[in-house]
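Coordinates in review
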Amino acid sequence: MFNNWLRKNQIAMCLLTVVRIYLGYTWLKGGIKKLTGGFDAGGFLKGAIAKASGEHPAVQHWWAAFLKHGALPGVKLFNVLIPLGETLVGLGLLLGTFATLAALMGMVMNFAFLFSGSISVNPQMILLEMLLVAAAANAGRIGLDYWIMPYLRTLFSKKPTPSASTPHKSM
C-alpha cells in the first residue's frame, strides 16, 4: 500500500522532489568541492584501514583488506572516481535525470563510506535514497525524467515491422 502510494501519488511526487533536490545539492556540493579542491583519498583510505584493528573495530576486516589491497594501490583512480561520481549523482538528482539510478549510485557510495567507518550523514542519506529508489519513476517525474523516460521507452520498444516477404494465408 505504501509502495503504491510512493510510486503513483501526486503528493508523494512533490515530497520526493524535495528529498531529491536536497540529496542532489548535498552530493553536488561535495563533488564540486573535491573536484576543485585537490582531493586525495589516500588519507581517508589509510584511516579506514587503521579502524580495522583493536578490540572493537569500526571497519570489518574483509573491507579493510579490499581497501588495503585494492583501493589504496589504485588511489589515483579513486581520486577521480569519487569526485566525479559525487558530482554526477548530484546533477542527476538535482535535474531529475535518471533519478532512480542516481539515487542507487549514491547509496553505493554512502555504503562504501559507512563500511569505511565514516558515519556522518551517510545513514540519513541512505534512508532518503532508499525512498527514491522505491518510488522508481515517481522520484524524477518533476524533472527531466518526465521527458527522457517516455522518449527512451519509445526508442527502445520493440514494434513488429511488417515484412514484404511475410506469407499471407489464403482461405
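The structure this text deals with has already been given above.
How each quantity is defined
- Within every chain, residues take consecutive numbers counted from 1 along the sequence as written.
- Where totals are concerned, whole chains, interfaces and linings use all residues; where local detail is concerned, this predicted model gives features only for residues with pLDDT of at least 70, and gives and counts side-chain atom pairs only at 80 or more.
- Calculated side-chain values reflect all of the structure's heavy atoms, with hydrogen atoms and water omitted.
- Helix and strand labels come from DSSP, where a helix needs a run of H or I of at least four residues and a strand needs a run of E of at least two; each type is numbered from the N terminus.
- Relative accessibility under 20% of the residue-type maximum defines a buried residue, over 50% an exposed one, and the middle range a partly exposed one, all with a 1.4 Å probe and only protein chains included.
- Contact definition: two residues touch when any of their heavy atoms are within 4.5 Å.
- Areas reported as accessible are Shrake-Rupley estimates using a 1.4 Å probe. Residue values count occlusion only from the protein chains shown.
- Counting rule applied: Lys, Arg positive; Asp, Glu negative; His and chain ends not counted.
- All charge positions are set by atom: Lys at NZ, Arg at CZ, Asp at CG, Glu at CD.
- A fitted line through C-alpha atoms represents every axis, and for helices the fit uses only the stretch in contact; the resulting angles, taken between N-to-C directions, go from 0 to 180 degrees.
- By the definition used in this description, the sense in which the near helix is turned from the far one sets the handedness, with an anticlockwise turn below a right angle giving left-handed and a clockwise turn giving right-handed.
- Residues are grouped as follows: Ala, Val, Leu, Ile, Met, Phe, Trp, Tyr, Cys and Pro are nonpolar; Asp, Glu, Lys and Arg are charged; every other residue, Gly included, is polar.
- Here the nonpolar core consists of buried residues drawn from Ala, Val, Leu, Ile, Met, Phe, Trp, Tyr and Cys, with membership extended through side-chain atoms lying within 4.5 Å.
- We call two N or O atoms a polar contact when they sit within 3.5 Å, provided that within protein one can donate a hydrogen and the other can accept it, with sequence-adjacent residues counted only if both atoms are side-chain atoms.
- Directions from the helix axis toward the C-beta atoms define the arc.
- Any Phe, Tyr or Trp ring, taking Trp's six-membered ring, that has another such ring centre within 6.5 Å forms a pair; planes under 30 degrees apart are called stacked, those over 60 apart edge-to-face, and the others tilted.

Things to note about the overall build of the chain
Looking only at helices and strands, the chain features eight helices and zero strands. Overall, the chain shows an N-to-C arrangement of helices and strands of α-α-α-α-α-α-α-α. By principal-axis analysis of the C-alpha atoms, the chain measures approximately 85 × 40 × 35 Å. When the 171 residues of the chain are sorted by exposure, 35% land in the buried category. A separation of at least 24 residues holds for 74% of the contacts in the chain among residues at least 6 apart in sequence. Of the accessible surface of the chain, which amounts to about 11,100 Å², a share of 71% is contributed by carbon and sulfur atoms. Taking the 15 positively charged and 5 negatively charged side chains of the chain as two groups, their mean positions are separated by 13 Å.

Some details on the packing of helix H5 (residues 75–95) against helix H6 (residues 99–115)
Following both chains from N to C, one finds H5 and H6 inclined at 140 degrees, their axes separated by 8 Å at the closest point. Viewed along their axes, H5 and H6 form a crossing whose handedness is left-handed. The segment H5 lies against H6, with Ile82, Gly85, Glu86, Val89, Gly92 and Leu93 engaging Ala99, Ala102, Ala103, Met105, Gly106, Met109 and Phe113. Residues belonging to the contact of H5 with H6 are distributed by class as follows: nine nonpolar, three polar and one charged.

Details of the environment of Val18
Within the secondary structure, Val18 is located in helix H2 (residues 10–36). The class of Val18 is exposed, set by a relative accessible area of 57%. Expressed as a C-alpha distance, the spacing of Val18 and Thr36, which sit 18 residues apart in the sequence, is 27 Å.

Section: the nonpolar core
Ranked by internal contacts, the top residues of the largest apolar core, which has 27 residues, are Leu23, Trp27, Leu45, Leu67, Leu93 and Leu132. When sequence neighbours within four positions are dropped, the list of residues in contact with Trp27 reads Glu86, Thr87, Val89, Gly90, Leu93, Gly106, Met109, Asn110, Phe113, Met125 and Glu129.

Points about the side chain of Thr17
You can see Thr17 is positioned in helix H2. One polar contact links the side chain of Thr17 to the main-chain carbonyl oxygen of Met13, over a distance of 2.8 Å.

Some words on helix H4 (residues 61–71)
All buried positions along H4 are accounted for by Trp63, Ala64, Leu67 and Ala71. For H4, the arc enclosing every buried residue in end-on projection is 100 degrees, short of the 170-degree limit, so these residues lie on one face. Exposed residues pointing more than 90 degrees away from the buried face of H4 are listed as His61, Trp62 and His69. In this structure, the buried side of H4 is in contact with helix H3 (42–50), H5 and H6.

Considering the packing of aromatic side chains
Applying the stated criterion across every chain, the model contains eight aromatic pairs. Considering the side-chain rings of Trp62 and Phe115, the 5.6 Å spacing of their centres and the 70 degrees angle between planes classify their relative orientation as edge-to-face. Linking Trp62 in helix H4 with Phe115 in helix H6, this pair joins segments that are 53 residues apart in sequence. The exposure class of Trp62 is exposed, given its relative accessible area of 51%. Ring plane angle 35 degrees and centroid distance 6.2 Å describe the contact between Phe111 and Phe115, whose orientation is recorded as tilted. With a gap of four residues between them, Phe111 and Phe115 both fall in helix H6, about one helical turn apart. The partly exposed category is assigned to Phe111, whose relative accessible area is 33%.

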